[in-house]
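Chain residues, written in single-letter form:
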Amino acid sequence: MDTINAVINGLVNYLESVGVVGGFFLVILESIFPILPLAVFIGMNILAFGNVVGFIVSYIATITGCMASFFLFKFTLNNFVYRVLNQKTKTKIDKLMIKLRNIDFNALVIIHAMPFTPSFLINIAGGLSGMNSKKYFISLLIGKLSIIYFWGYVGKNILSAIKEPIVLLKMLGLVVLAYLISKIIEKIIKVEE
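Residues numbered from 1 in each chain as written. Predicted model: local features only at pLDDT ≥ 70, side-chain atom pairs only at ≥ 80, totals over all residues. Heavy atoms only, no water.

Q: I would appreciate a short explanation of the overall build of the protein in the present structure.
A: A count of helices and strands for the protein gives eleven helices and zero strands. Listing the helices and strands of the protein from first to last along the sequence gives α-α-α-α-α-α-α-α-α-α-α. Sequence separation of 24 or more characterises 79% of the internal contacts of the protein that already satisfy a separation of 6 or more. Accessible area for the protein stands at about 10,800 Å²; split by element, carbon and sulfur atoms hold 72% of it. (Helix = DSSP H or I, 4+ residues; strand = E, 2+ residues; numbered from the N terminus. Contact = heavy atoms within 4.5 Å. Areas by Shrake-Rupley, 256 points an atom, 1.4 Å probe, with all protein chains shown as cover.)

Q: Sorry if this is basic, but what is going on with the environment of isoleucine 8 here?
A: Within the fold, isoleucine 8 resides in helix α1 (residues 2-18). Overall, the relative accessible area of 35% leaves isoleucine 8 in the partly exposed class. Residues isoleucine 8 and methionine 44 lie 36 residues apart in sequence; the distance between their C-alpha atoms is 8.0 Å. (Buried < 20%, exposed > 50% of the residue type's maximum accessible area, 1.4 Å probe, protein only.)

Q: What is the right way to read the packing of aromatic side chains from this model?
A: Aromatic rings in a pair are described by how distant their centres are and how their planes are angled relative to each other. Using the criterion set out here, one finds six aromatic pairs in the structure. Ring geometry for phenylalanine 70 versus tyrosine 136: centroids 4.3 Å apart, planes at 10°, classification stacked. Note that phenylalanine 70 is positioned in helix α4 (residues 51-76) and tyrosine 136 in helix α9 (residues 133-156), a separation of 66 residues in sequence. Tyrosine 136 carries the same exposure label as phenylalanine 70, and that label is buried. Taken together, a centroid distance of 4.9 Å and an interplanar angle of 70° make the contact between phenylalanine 150 and tryptophan 151 edge-to-face. With respect to burial, phenylalanine 150 and tryptophan 151 carry one shared label: buried. (Phe/Tyr/Trp six-rings, centres within 6.5 Å; stacked < 30°, edge-to-face > 60°.)

Q: What's the story with the environment of aspartate 94 in this structure? I'm lost.
A: Tracing the chain through its elements places aspartate 94 in helix α6 (residues 87-101). Since its relative accessible area comes to 36%, aspartate 94 is described here as partly exposed.

Q: I keep staring at the confidence of the model for the protein and nothing clicks. Help me out?
A: If pLDDT is low for a region, its predicted coordinates should not be looked at in detail. Averaged over all residues, the pLDDT of the protein equals 81, while 88% of them reach at least 70. Least confident of the elements in the protein is helix α10 (residues 158-163), whose mean pLDDT is 52; most confident is α4, at 92. (pLDDT = per-residue confidence, 0-100.)

Q: Can you walk me through a nonpolar patch on the surface in this structure?
A: Taken together, the side chains of Val20, Val52, Val53, Ile56 and Ile60 make up a nonpolar region of the molecular surface, amounting to roughly 400 Å² of accessible area. It is α4 that contributes the most residues to the nonpolar patch, four residues altogether. By secondary structure assignment, the location of valine 53 is in helix α4. The exposure class assigned to valine 53 is partly exposed, which follows from its relative accessible area of 38%. (Patch = residues over 30% accessible without salt bridge, like charges linked within 9 Å, V, L, I, M, F, W, Y side chains within 5 Å. Salt bridge = Lys/Arg side-chain N within 4 Å of Asp/Glu carboxyl O.)

Given below as structure tokens:
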């Protein structure tokens, strides 16, 4: 346990020395390589820069990484993916892509707000489906608030988060709040247009 604490303290000290830009790129790196632990990176940002700055850096970096992945698949890799698929698979995927493209805005916010939803798959699917960029971006802005809070809390207090059921209640409350905000914003901005 002392070794783990020493490694974490060393990483946090290094992150403090390189500054906010280092924390920003650490979270973006997770968007590109989803096998990396987002909770740990957000937790390190919060430990290194404090609750507010660590949260903001992690939030902006997550949105940036998700949108970069979304645009990469929407505008660049879309044709490549379809070229390597056979006709039968293309037909199945086309049906799925139509469903994804037309997914309800509120459902998309909830999907982004769930802590164990693989963001990289949502980014890829959203990009490949040709989903409306405005709809995707606004759903990210709303949904990722709860994820960053949740993973920041878990990353910072991983052992106590497992022992405290209140964390799960807070997460549920944040998901409900994200849903309510999405309903209000959907009416104001007309996201589906």
